[in-house]
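Each chain is listed here by its residues.
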Amino acid sequence: MAGRGTELAEYMVADASTCIHLPDFLTYEDGAMIACGFGTAYQGLLRAGVSGNDRVLVMGLGPVGQAAVILAKALGAQTIGVDISEERMEMARKAGADEVVLGDDNAVDNIMKLTGGKGVEAAIDCSGSSIGRHRCLEAARMWGNVVFLGEQGTVTFEASPLLLHKNLTLHGSWVTSVGNMEKLVELLDRKKIHPGQIITHRFPLRETDKAFEVFATGRTGKVCINHEME
């Protein structure tokens, strides 16, 4: 990772059309979280039409998964978070997840028990893993929505029992639009939610290499490069 810091800059030039006004309640760190993980999570929840009628499964509790838990709660849904990292499971509890399940071989059975054997109305995969994606399809109830947010990886599944016979809708979702980010800012301001709450580590620009090393452990929330720490 040597030299990674040279890929970042103290200042950047952005086109005015891509800039969004932050209300006084939200900080620049909040804004950075909106432009990255929270915007992506919000778009996925919109694709699934998440509302207070739903139980939402969030598979993978990294930064995007943490954002998905927080925003699903803000939209009125009940949430179930799943991960293999005890640290990230605890972060999800603190973020307000109604239930947190260990991502072992019993994960789907435990999710079904929590939903009276019916499954969840919406399952959001933030893991990008074949197992996580497959489990989302397994845990979704009849006529449910499944959204693949996590990048990379592959998945193989039997279409008839997991998708067709359950009448599921499977969505692919990637980042979000400036317009939806503006709506997200309004939601966060109205609900008084600081996206920066998912930051677990902060580093000055000169320690960028260390920041990437810490994040690569898979046990953190969001890792932030903060120029004000210089």
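Relevant structure appears above.
Quick caveat, the model's predicted, so the values are computed rather than measured.

Peer 1: What is the right way to read the packing of aromatic side chains from this model?
Peer 2: The relation between two aromatic rings is expressed through the spacing of the ring centres and the mutual angle of the planes. As enumerated under the stated definition, the model contains zero aromatic pairs in all. In this structure, Arg133 packs its charged tip against the face of Phe148, placed 5.6 Å from the ring centre. Over the ring of Phe25 we find Lys192, and its NZ or CZ is 4.8 Å from the ring centre.

Peer 1: Help me out: how do you make sense of the packing of helix α1 (residues 28-47) against helix α2 (residues 63-74) in this one?
Peer 2: A pair of packed helices can be characterised by two numbers: the angle between their axes and the separation between those axes. Running from N to C, α1 and α2 point in directions that differ by 55 degrees, and their axes come no closer than 8 Å. Overall, the two elements α1 and α2 adopt an arrangement that is oblique. For the element pair α1 and α2, the recorded crossing hand is right-handed. Contacts from Gly37, Phe38, Thr40, Ala41, Tyr42 and Leu45 of α1 reach α2 at Val64, Ala67, Ala68, Ile70, Leu71 and Ala72. For the contact of α1 with α2, the per-class residue count stands at 10 nonpolar, two polar and no charged.

Peer 1: Can you walk me through unusual backbone geometry in this structure?
Peer 2: Residue Trp143 is not a glycine yet carries a positive backbone phi of 65 degrees. The residue Trp143 is located in strand β5 (residues 140-148) in this model. Located in the positive-phi region is Asn167, a residue other than glycine, with phi close to 55 degrees. Considering the arrangement of structural elements, one finds Asn167 in the loop between α6 (159-164) and β6 (169-172). A relative accessible area of 33% places Asn167 in the partly exposed class.

Conventions and cut-offs
In every chain, residue numbers begin from 1 and rise along the written sequence. Note on the predicted model: pLDDT of at least 70 is required for a residue's local features to be given, and 80 or more for side-chain atom pairs to be given and counted; whole-chain, interface and lining totals, by contrast, use all residues. For side-chain calculations, the full set of non-hydrogen atoms in the structure is used, while hydrogens and water are omitted. Stacked, tilted and edge-to-face are the three classes applied to pairs of Phe, Tyr and Trp rings, where Trp contributes its six-membered ring and a pair requires centres within 6.5 Å; stacked means planes under 30 degrees apart, edge-to-face means over 60, and tilted covers the rest. In this scheme, Lys NZ or Arg CZ marks a charge over a ring once it lies within 6 Å of the ring centre and within 35 degrees of the ring normal. Throughout, an axis means a line fitted to C-alpha atoms (over the contacting stretch in the case of helices), and angles, computed between N-to-C directions, take values from 0 to 180 degrees. Helical segments are the DSSP runs of H or I of at least four residues, strand segments are the runs of E of at least two, and each set is numbered from the N terminus. Here is the rule for angles: anything less than 35 degrees is roughly parallel, anything more than 145 is roughly antiparallel, 65 through 115 is roughly perpendicular, and the remaining ranges are oblique. Should the near helix be turned anticlockwise from the far one by less than a right angle, the crossing is left-handed, and should it be turned clockwise, the crossing is right-handed. A contact between two residues is defined here by any heavy atoms of the two lying within 4.5 Å. Three classes are used, and their members are as follows: Ala, Val, Leu, Ile, Met, Phe, Trp, Tyr, Cys and Pro are nonpolar, Asp, Glu, Lys and Arg are charged, and the others, Gly among them, are polar. We call a residue buried when its accessible area falls under 20% of the maximum for its residue type, exposed when it is over 50%, and partly exposed in between, using a 1.4 Å probe and counting protein chains only.

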